[in-house]
Each structure stands twice: as C-alpha cells, then as structure tokens.
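Understanding the architecture of this molecule
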Amino acid sequence: INFIDLIIFNVILMIKVNTIVDGKEYVEPFSKGIMAKSLNVPYIGSKMAYELASEIEEELIRNNVSMVSRDELSNMVLDHLTSVDPKIAEKYKNLSIIRNSKKPLIILIGGASGVGTSSMALELANRLRLKNIISTDMIREVMRKCVSKELSPIIHKSSYNAYETIESHSIDDDLITGGFIAHVNAVKVGIEAIIERSIKEGISTIIEGVHIVPGFINKELMDNNNIVMLILTVEDEELHKQHFYSRCSQPWVKRSIETYMDNFDSIRTTQDFLVEQAKIHDSYIIDNVEINETIDFMVNDILEFVGVNDVK
C-alpha cells in the first residue's frame with residue numbers, strides 16, 4: 001500500500017455503520033477509505049472510487065446522518081454508481097450479492113496447464129474478498145511428500161506426462177487421457193477433503209488447478225447447492241503458448257519453456273478432455289482471452305448459480 005492509500009485508509013468519520021448479522025447488531029465507524037477500496041472493484045479506478053466515496057460522505061454529513069445501516073449504505077453506493085455508469089453499477093450489485101451470500105461458497109476452477117487458473121483464482125478472490133485459495137498442485141506436492149515414488153509413481157509426474165507411467169508401445173490421445181485420468185483420481189482425494197472441511201467450517205474457498213475435472217469429484221459433495229465449478233480454456237493455440245512464455249519469464253519459475261513446448265500437444269489433449277467432461281456434466285466453460293472479461297464471465301456464472309440454487 002502506498003502513502004496515498006495510507007492517508008485514504010485513515011480518513012474515518014464518526015458516522016456509524018449499523019450491521020446486523022444472525023440477529024446480532026454490530027456498529028463500526030464509516031470509513032471513506034474502505035468504501036473507496038470497495039468501489040474500486042468494478043473497474044472505475046482508485047481516483048473515481050475515492051471521489052464517489054467522498055460524495056457519499058458529503059451526503060451523509062449534509063443530511064446529519066449519525067447512523068446508517070449497511071443495506072442503506074449499499075443502496076447509496078448503487079445510486080451513485082448508476083449515475084456514473086449503469087453497467088458498472090450492475091457489476092457492483094452482482095459482486096455484492098455473491099459476497100453477502102449466507103452460505104459459504106466453494107468455487108472450483110479447473111483448466112489445463114497454462115490456461116490461467118491460478119491467476120484467475122487470485123483475481124476472483126480479490127473481487128469477492130475471499131481469503132482462501134488452494135492450488136491442486138500444492139495438494140499433489142503434499143501427497144508427494146507422504147507417498148513415495150515407488151508406491152505411487154503417477155503423482156510424481158505432471159498431469160500432461162502422467163501417461164509415461166503406463167506401459168505402452170505407442171503414444172496416442174487415449175494413452176495421454178488415461179494418464180491424466182489416473183493423475184486426477186490420485187489427487188481428487190485431497191480436493192474432496194478440503195471441500196468437506198470448508199463446508200464443515202463454513203469457510204468460502206477457491207480451489208483451482210488442472211485436477212478440477214467435471215464428473216470426478218464425489219457426486220454427494222457436488223450435490224451441495226453452494227459448490228460451483230468453472231472450467232477455463234484457451235481455445236487459441238498461440239495464445240495458450242504465450243501464457244507459458246509469460247509464466248516462464250518470471251524469475252521464480254524453475255521449469256523451462258522447452259518443457260512446456262515439448263509437452264504442448266499433450267496439454268492440449270488434456271484440455272480437450274476437460275471440455276468434453278464439462279459439456280457432459282453441464283459445467284460452465286469460459287475461454288480465458290482477457291482478464292477483466294474472464295472475471296466478468298466468472299462472476300456472472302457464479303451469480304447465476306447462486307440465484308438458481310438460492311444460496312443467498
């Protein structure tokens with residue numbers, strides 16, 4: 001946070017925001033800075049966000065308001081945003097609905113290697129103010145420490161070359177898909193454990209990674225009406241390759257671009273399988289071309305899911 005942000009976050013009026021949670025009443029100071037941060041979510045920029053927050057502050061002072069409910073404050077925000085841009089107001093409203101869901105949301109984001117599940121999960125968590133993001137690669141890494149290579153060679157491979165543990169005289173799409181399926185089946189145990197824990201503790205969580213595949217997670221778990229699955233793809237092959245070049249340009253990434261390019265056809269085969277499974281199980285499929293557009297699609301799909309399943 002830079003110096004200006006620190007100033008913004010320290011501008012707090014003695015107006016109280018009244019919040020009722022589970023029948024209990026909570027009162028907190030109105031913070032123009034926190035509101036500005038919230039307003040900045042739907043792409044209006046920090047400068048305009050702060051200006052709108054200031055306008056709301058002035059309106060509260062002008063009307064001698066000493067206490068305002070959170071719902072009333074939310075309506076004021078929507079009114080001001082609507083005057084700026086109705087589309088932005090609609091985005092803000094949609095985000096608010098998801099954020100204020102009474103049940104914890106478990107968001108599963110799947111996709112082949114390199115399509116951007118990690119980046120999109122981080123961005124979505126920021127928009128929805130969720131604190132828990134878990135990568136299926138991290139689950140697999142823990143399993144690698146617990147299970148030896150001799151006992152389970154499949155988890156000591158990557159999703160796109162897991163087929164190398166299967167004896168075969170030739171490499172074809174069926175063999176690649178078979179290796180991928182075995183890899184997913186090995187890791188899904190950890191995924192299901194995290195889902196169960198999140199439901200039990202009432203914690204909203206995003207789980208992302210290549211091992212999120214429609215039809216593979218325990219059906220009883222997926223029947224919970226607060227678990228939504230999104231599948232990301234990159235239909236354009238050249239754009240998909242560019243994702244790997246961007247990833248490998250980061251100094252902390254140890255795997256070389258050659259590794260991904262040598263296995264690119266296998267990665268595309270796993271994507272084909274993921275899309276096929278998503279269509280069979282009627283999962284949301286999103287072509288990840290541009291970050292803001294992808295997030296909009298994700299939010300809209302989650303909102304549709306929340307509405308259909310009455311998670312609000």
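Just so you know, the residues in each chain are numbered from 1, in the order the chain's sequence is written. At least 70 in pLDDT is required for a residue's local features to be given in this predicted model, at least 80 for side-chain atom pairs to be given and counted, and no such filter applies to totals for whole chains, interfaces and linings, which use all residues. Think of the side-chain values as coming from all heavy atoms in the structure, minus any hydrogens and water.

Taken across its five residues, strand β4 (residues 106–110) has five buried, putting it largely inside the fold. Neither face of β4 is exposed, since Ile-106, Leu-108 and Gly-110 on one face and Ile-107 and Ile-109 on the opposite face are all buried. Only strands that DSSP links by at least two bridges are regarded as paired with each other. Only DSSP runs of H or I with at least four residues qualify as helices, and only runs of E with at least two residues qualify as strands; both kinds are numbered from the N terminus onward. In the sheet, β4 pairs with strand β6 (residues 205–209) via five bridges, with the strands oriented parallel. Looking at β6, one finds that Ile-106 is bridged to Thr-205. Where β4 and strand β7 (residues 227–233) come together, five bridges link them in parallel fashion. Each bridged residue has a counterpart across the sheet, and for Ile-109 the counterpart in β7 is Leu-230. Exposed residues in this analysis have more than 50% of their type's maximum accessible area, buried residues have under 20%, and partly exposed residues fall in between, with area computed by a 1.4 Å probe over protein chains only.

Quick look at helix α7 (residues 136–146) now. Along α7, the residues classified as buried are Thr-136, Ile-139, Arg-140 and Met-143. Around the axis of α7, the buried residues are gathered within 95° of arc, so they sit on the same side. Exposed residues lying more than 90 degrees from the buried face of α7 are Met-138, Val-142 and Lys-145. Structurally, α7 contributes buried residues whose contacts are with β5 (133–135), α8 (173–201) and β6. Two N or O atoms form a polar contact when they lie within 3.5 Å of each other; inside protein one atom must be a possible hydrogen donor and the other a possible acceptor, and for residues adjacent in sequence the pair counts only when both atoms belong to side chains. The N-cap residue of α7 is Ser-135: its side-chain oxygen and the backbone nitrogen of Asp-137 are 3.1 Å apart. By definition, the arc is the one covered by directions from the helix axis to the C-beta atoms. Should any heavy atoms of two residues lie within 4.5 Å, those residues are counted as being in contact.

Fitted lines through C-alpha atoms give the axes, limited to the stretch in contact for helices. The angle between two N-to-C directions lies from 0 to 180 degrees. One way to put it is that helix α4 (residues 70–84) packs onto helix α5 (residues 86–99) with a least axis distance of 6 Å and a crossing angle of 150°. Overall, the two elements α4 and α5 adopt an arrangement that is roughly antiparallel. The two elements α4 and α5 meet at a crossing, and its hand is right-handed. Where α4 abuts α5, its residues Val-77, Leu-78, Leu-81 and Thr-82 lie against Pro-86, Ile-88, Ala-89, Tyr-92 and Lys-93. Any angle that is under 35 degrees is reported as roughly parallel, and any over 145 degrees as roughly antiparallel; angles of 65 to 115 degrees are reported as roughly perpendicular and all others as oblique. In a left-handed crossing the near helix is turned counterclockwise from the far helix by less than a right angle, and in a right-handed crossing that turn is clockwise.

A pair of aromatic rings is counted whenever rings of Phe, Tyr or Trp (Trp by its six-membered ring) have centres within 6.5 Å, and the orientation is called stacked for planes under 30 degrees apart, edge-to-face for over 60 and tilted otherwise. Tallied over the entire structure, the rule returns five aromatic pairs. Measuring from centroid to centroid gives 6.2 Å for Phe-216 and Phe-273, while their planes differ by 75°, and the two rings are edge-to-face. Taken together, the residues span a long stretch of sequence, with Phe-216 in the loop between β6 and α9 (219–222) and Phe-273 in helix α12 (residues 264–280) at a distance of 57 residues. Pair check on accessibility: Phe-216 and Phe-273 agree, each one buried. Between Phe-244 and Tyr-260, the ring centres sit 4.6 Å apart and the planes meet at 20°, which makes this aromatic pair stacked. In this pair, Phe-244 sits in helix α10 (residues 237–248) while Tyr-260 sits in helix α11 (residues 257–262), placing the two residues 16 residues apart along the sequence. With relative accessibility at 5%, the residue Tyr-260 sits in the buried group.

Here the protein averages 84 in pLDDT, and 84% of its residues register 70 or above. The predictor rates its confidence in each residue with pLDDT, a number between 0 and 100. Considering only residues more than four positions removed or in separate chains, one finds that residues 1–14, a stretch of pLDDT under 50, has 21 contacts. Within the model, pLDDT remains below 50 along residues 19–24, and this stretch shows seven contacts once partners closer than five positions in the same chain are excluded.

It is worth spelling out the nonpolar core at this point. For this analysis, a nonpolar core means a set of buried residues of the types Ala, Val, Leu, Ile, Met, Phe, Trp, Tyr and Cys, connected via side-chain atoms within 4.5 Å. The biggest cluster of nonpolar side chains holds 41 residues, and the ones touching the most others in it are Ile-107, Ile-109, Leu-124, Leu-128, Ile-206, Met-298 and Ile-302. A per-element tally of this core places helix α13 (residues 291–309) first, with seven residues. Leaving out residues up to four positions away in the same chain, Leu-124 has contacts with Ile-107, Ile-109, Ile-206, Ile-295, Met-298, Val-299 and Ile-302. Membership of the second largest hydrophobic core comes to 20 residues, among which are Leu-108, Ile-191, Ile-194 and Ile-212.

In this section: α10. In a regular helix each residue adds 1.5 Å, so twelve residues correspond to 16 Å; α10 covers 17 Å between its end C-alpha atoms and thus fits that length. Among all positions of α10, only His-240, Phe-244 and Cys-248 are buried. Angular distribution of buried residues about the axis of α10 spans 80°; they occupy a single face of the element. Packing partners of the buried residues in α10 comprise α11 and α12. One side-chain oxygen at the N-terminal end of α10 lies 3.1 Å from the backbone nitrogen of Glu-238; it belongs to Asp-236. Between the first and last residue of a helix there are one fewer steps than residues, each counted as 1.5 Å, and that sum is the expected span.

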